[in-house]
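# A look at the structure
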Amino acid sequence: MTLETRIASNDLDIDLIRRQLSTRAVGHVVYLFGEVSSTSERLRQLAKEGAREGTVLLAESQSDGRGRLGKKWFSPFGVNLYASVLFRPHITPKQAPVFSFIASLALADAVRRIGVQPAIKWPNDILAERKKVAGVLADLATSGELLDYVILGVGVNLNVEKKVLLDALGEAGQAATSLREVTGAEVDRNAFAASFLNSLDEWFHVYRGHGESALIRAWRDLDILTGRRIAVKGEQSTIEGRAIGVDADGYLLVKDPLGRRHQIIGGEIRLID
Ligand code: BTN
């Protein structure tokens with residue numbers, strides 16, 4: 001594909017991002033690195049040193065980007081978005097899965113704003129044209145019964161070329177794409193970062209003001225799994241059945257062919273039909 005639209009400089013730039021922010025809690029402090037091992041790992045160090053809620057850490061690349069289920073997150077330099085944001089909500093670990101929905105809802109908003117219809121695949125994968133363009137990793141630390149902090153780390157394939165994805169991810173790359181591939185135009189990384197952070201701040205306040213049910217309602221509107229036949233590969237076994245939605249704790253519910261309901265708390269999801 002040849003691209004007609006080029007952005008003069010598409011390097012991440014803190015000032016450019018800041019100018020586009022209209023947030024209350026997110027982004028009072030924004031760090032930008034060239035390369036880090038992992039933005040979430042780096043932010044975890046700052047969190048332990050007392051960093052304030054809303055601190056954002058961005059990097060142009062990650063040498064050890066982490067995905068869900070112990071996977072690596074492919075993080076080439078200068079083309080995508082790798083961002084981690086620190087929150088200190090007064091919630092229990094059990095409430096964390098629904099809290100993490102603020103990140104996928106914010107990503108969905110930012111994707112929609114560039115003209116692409118997003119969908120969410122449980123728990124927090126963002127799909128465009130049925131392929132994954134972004135993911136969310138939630139890192140938790142507890143203090144007694146409550147969370148000390150949660151770091152929401154997002155990786156978004158903005159401008160990475162399909163061929164580069166395929167070379168890096170092999171077969172798994174078939175299920176992934178980038179927003180540039182979908183739109184045919186280079187995505188402005190600073191505008192996208194600001195758009196995501198603005199929405200993240202909004203959803204954070206929705207959560208604070210209206211609680212979990214508001215997030216679950218919004219999340220269900222974008223859910224691509226409900227009603228579909230799926231296979232969930234866990235550590236010990238694989239469950240096949242029909243997805244019947246998420247429960248109030250944000251866990252996926254699956255009904256197997258014998259009519260038994262399973263509450264899924266993790267695992268790799270594959271669509272069967
Ligand atoms: C997934 O597997 O879908 C989650 C991917 C999360 C990747 C992001 S990139 C920024 C942050 N730092 C990491 O090491 N991981 C998350």
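Whatever comes next refers back to the structure up there.
Throughout what follows, the structure given in this document is the object of discussion. (Residues numbered from 1 in each chain as written. Predicted model: local features only at pLDDT ≥ 70, side-chain atom pairs only at ≥ 80, totals over all residues. Heavy atoms only, no water.)

### So, the overall build of the chain
Applied cut-off: Only DSSP runs of H or I covering at least 4 residues are called helices, and only runs of E covering at least 2 are called strands; the numbering of each starts at the N terminus. The quantity called the radius of gyration is restricted to C-alpha atoms. Its globule counterpart is 2.2 Å times the number of residues to the power 0.38. Only protein chains enter the accessibility calculation, which uses a 1.4 Å probe; a residue whose area is less than 20% of its type maximum is buried, one above 50% is exposed, and one in between is partly exposed. In what follows, residue pairs with any heavy atoms lying within 4.5 Å of each other are defined as contacts. Only four residue types enter the tally: Lys and Arg on the positive side, Asp and Glu on the negative side; His and the chain ends are excluded. Charged side chains are reduced to one point each, which is NZ for Lys, CZ for Arg, CG for Asp and CD for Glu.
Along the backbone of the chain there are seven helices and twelve strands. Its C-alpha atoms give the chain a radius of gyration of 18 Å, within 12% of the compact-globule value 19 Å for 273 residues. When the backbone C-alpha atoms are referred to their principal axes, the chain occupies close to 55 × 50 × 30 Å. By the burial criterion, 53% of the 273 residues in the chain qualify as buried. Pairs at least 24 apart in sequence give 64% of the contacts found in the chain among residues at least 6 apart. One way to put it: in the chain the 35 positive side-chain charges average out to a point 4 Å from where the 34 negative ones average out.

### Focus: the site of the ligand
Using the following cut-off: A molecule or strand has a residue near it when one of that residue's heavy atoms lies within 4 Å. N or O atoms within 3.5 Å of each other form a polar contact, as long as, within protein, one can give a hydrogen and the other can take it, and as long as residues adjacent in sequence are counted only when both atoms are side-chain atoms. Side-chain classes follow a simple rule in which Ala, Val, Leu, Ile, Met, Phe, Trp, Tyr, Cys and Pro form the nonpolar group, Asp, Glu, Lys and Arg form the charged group, and the remainder, Gly included, forms the polar group.
Taken together, 19 residues sit near the ligand, with Ser38, Gln62, Arg66, Arg68 and Lys132 positioned nearest. Residue lysine 132 places a side-chain N or O atom 2.6 Å away from an oxygen atom belonging to the ligand. With four residues, the single largest contributor to the shell around the ligand is strand E6 (residues 131-143). Considered class by class, the residues forming the shell around the ligand number five nonpolar, ten polar and four charged.

### Quick look at the pattern of salt bridges
Here is the rule we go by: We count a salt bridge whenever a side-chain nitrogen from Lys or Arg sits within 4 Å of a carboxyl oxygen from Asp or Glu.
The full count for this structure, using the stated rule, is 16 salt bridges. Across the pair glutamate 60 and arginine 189 runs a salt bridge, and its minimum N-O distance is 2.6 Å. Of this pair, glutamate 60 sits in strand E2 (residues 56-62) while arginine 189 sits in helix H6 (residues 189-210), placing them 129 residues apart in sequence. A salt bridge links aspartate 64 to lysine 72, with the shortest nitrogen-to-oxygen separation between them at 3.2 Å. Taken together, the salt bridges that share partners define one network made up of Glu41, Arg44, Arg66 and Asp139.

### Here we look at the environment of glycine 170
Considering the arrangement of structural elements, one finds glycine 170 in the loop between helix H4 (162-169) and helix H5 (179-183). Residue classification places glycine 170 among the partly exposed residues on the basis of a relative accessible area of 33%. Sequence separation of glycine 170 and alanine 106 is 64 residues, and the distance between their C-alpha atoms is 29 Å.

### As for the sheet that holds strand E4 (residues 118-121)
Note the cut-off: At least two bridges found by DSSP between two strands is the condition for calling them paired. Simply put, an axis is a line fit to the C-alpha atoms, just over the touching stretch for a helix, and the angle between two N-to-C directions goes from 0 to 180 degrees.
With respect to topology, seven strands assemble into an open sheet ordered E1-E2-E3-E7-E6-E5-E4, the strand pairing being mixed. Looking at strand neighbours, the two that pair on one side only are strand E1 (30-36) and E4, the edges of this open sheet. The sheet shows a mean angle of 20° between the axes of neighbouring strands, direction not considered. In this fold helix H3 (residues 96-113) packs onto strand E3 (81-87), E4, strand E5 (125-128), E6 and strand E7 (146-156), with an angle of close to 30° to the strand it touches most, E7.

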